[in-house]
Amino acid sequence: MDNNQKFHLPNCTADLVASVSFWKEFCPELTIGGDGGSEEQKSGAKLPETLVKNYAGRIEKDGYFTVSRPPADTILAQQGPGIDESMTLNIWEGINLTTLALCANRLKEHGWPPTFLLVYDEVWEMQRRIAKLVTQTTGNTPNMDMLIFHIDPNSGDAGFSPHRDRQPNDPPSSFRSDGTPKYSTCWIALTEATPENSCLYFIPRQADPGYYKGDGHGENDDMLRDALHGKEQYQYIRAIPLKAGECAIFSHRIIHWGSRGRPGYPVPRIAISFAFSSDDFEAHYIPDDLLPLPPLATRLALAGGQMINYHERFPHTKHSLRLCHNLFQSEMATSFCKEYNQKIAREFLAAAEELEAQSKAQASSEIEGQDEDEDDVLDSALDAMLEADSDGNFNDDYEGSDVDNDDAFEDVD
């Protein structure tokens, strides 16, 4: 096997990719095991109180706010020379966003979900640096629901369809008394995100009757129909184009989606999302003693777990599903909270059943010789279900459908 072929996911085993040297050779431009930069950079973005209030007011009023790179956004401009603009100018100093985007592209070219970029220090350092901003404006801390997206308009890709990130049984209880949401997402563009190659779209809070009180109370019993009940309401929809390094921070209740880009546009939309939550709303996946730069085994397990968690949006082959499960299972007892283990067990079973159904739908000639392979995947899924008591207590809302308490975590675009 030549040097290039060994990096292709179909040729990889859990033992092979557990080596630091494998990932250093795969993306030598990135680091594993570094110290994350200067002490000032490690402390995260430091915001003046006036700016914190402006951003917090935006998320309470609209359900989101954006943070731009220079030229500084209008909020900063309105505050005058006394405002420290270092957050927007220097927060990613020392982190090459173009290199991260190129490595995400390399992962995809070799059959890997771009979320495996989580093995590298730079992604964890980005989360650490942006965390202070998110905590200051929403009150939430990192919960490790992390994803990397690669949307190529020339491959027919599109972002997630309209959804809310979380759909609790009692939506008002998912906000604090001061109005801040108990769950929020920071979505960071690694390449420019535009309507041409797919960007986020939001329906702001003031145009969304289900944002705070919950869905199912309007005439149509559907979140989109209730929010867009007349043609004038469509004018509230907001496109959120972002330059590389800029970010959008939004609550779990805002309706949002990623668009389908224009075929022929030369640059894919590559982005990272970090989720943040309050402990009393959703448990953090990884214990604090493994942070801020977890060991490689934990990073691999999280990437594998996330690809199982979001298998409906990131389809698997039998090999990729088994690999992700092996990586996750090796660390589930020591690296993750009970609720996350339960969720991954349920989603692994669902993913294995989907693969079995797909195989049975193929011509009989293609199915012959595959039964044993399918049984191995399902056996592993059933073992995982027995190993993790599947009585989780989260729920979600993808496509605005009615859900019950067992449906757990949701999308972060």
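Above: the structure in question.
The model shown is predicted, which means the values in this text are computed figures rather than measured ones.

Caption draft 1: The arrangement of the packing of helix α12 (residues 318–329) against helix α14 (residues 338–361) in detail. One way to put it is that α12 packs onto α14 with a least axis distance of 11 Å and a crossing angle of 165°. Relative to α14, the element α12 is oriented roughly antiparallel. The element α12 and its partner α14 pack so that their crossing is left-handed. Here K318, L321, H325 and F328 of α12 come into contact with α14, specifically with Y340, N341, I344, F348, A351, A352, L355 and S359. Class assignment of the residues belonging to the contact of α12 with α14 gives a composition of eight nonpolar, three polar and one charged.

Caption draft 2: Layout of the sheet that holds strand β4 (residues 183–189). Within the open sheet, the five strands sit side by side as β1-β7-β4-β9-β2. Their pairing is antiparallel. Of all strands in the sheet, those bounded by a partner on one side alone are β1 (64–67) and β2 (141–151). Each neighbouring strand pair of the sheet contributes to a mean axis angle of 20°, computed without reference to strand direction. Docked against the sheet, helix α7 (residues 97–109) engages β2 and β9 (269–277), running at close to 70° with respect to β2. Relative to the sheet, helix α8 (residues 121–138) contacts β1, β2, β4, β7 (247–251) and β9, its axis offset from that of β9 by approximately 50°.

Caption draft 3: Spotlight on the pattern of salt bridges. In total, this model carries 17 salt bridges according to the counting rule given. D62 is paired through a salt bridge with R238; the nearest N and O atoms lie 3.5 Å apart. Here D62 is found in helix α4 (residues 49–62), whereas its partner R238 is found in strand β6 (residues 238–240), with 176 residues between them in sequence. For D280, the salt bridge goes to K182, with nearest N and O atoms at 3.3 Å. With D280 in the loop between β9 and α11 (296–309) and K182 in the loop between β3 (163–164) and β4, the pair connects residues that are 98 residues apart, well separated along the chain.

Caption draft 4: Spotlight on α11. Here α11 spans 20 Å end to end across 14 residues, near enough to the 20 Å set by a 1.5 Å rise per residue. Counting buried positions along α11 yields 13 of 14 residues, so the element is predominantly enclosed.

Caption draft 5: Spotlight on the packing of aromatic side chains. In total, this model carries 23 aromatic pairs according to the counting rule given. For the ring pair Y183 and F281, a centre distance of 6.3 Å and an interplane angle of 65° mean the geometry is edge-to-face. Residue Y183 is located in strand β4, and its partner F281 is located in the loop between β9 and α11; the two are separated by 98 residues in the primary sequence. For F281, a relative accessible area of 18% gives the class buried. Grouped by ring-pair contacts, the aromatic residues F7, F22, W23, F26, W112, F116 and Y120 constitute a single cluster. Stacked on the ring of F175, the Lys or Arg R205 has its end atom at 6.0 Å from the ring centre. Directly above the ring of F160 sits R313, whose terminal nitrogen or CZ lies 6.0 Å from the centroid.

Cut-offs used in this document
- Residues numbered from 1 in each chain as written.
- Predicted model: local features only at pLDDT ≥ 70, side-chain atom pairs only at ≥ 80, totals over all residues.
- Heavy atoms only, no water.
- Axes fitted to C-alpha atoms, helices over the stretch in contact; angles between N-to-C directions.
- Helix = DSSP H or I, 4+ residues; strand = E, 2+ residues; numbered from the N terminus.
- Parallel < 35°, antiparallel > 145°, perpendicular 65-115°, else oblique.
- Left-handed = near helix turned anticlockwise from the far one by under 90°.
- Contact = heavy atoms within 4.5 Å.
- Nonpolar A, V, L, I, M, F, W, Y, C, P; charged D, E, K, R; others polar.
- Pairing = 2+ DSSP bridges.
- Salt bridge = Lys/Arg side-chain N within 4 Å of Asp/Glu carboxyl O.
- Expected span 1.5 Å × (residues − 1).
- Buried < 20%, exposed > 50% of the residue type's maximum accessible area, 1.4 Å probe, protein only.
- Phe/Tyr/Trp six-rings, centres within 6.5 Å; stacked < 30°, edge-to-face > 60°.
- Lys NZ or Arg CZ within 6 Å of the ring centre and 35° of its normal.

Any functional reading would require information that these geometric values do not contain.
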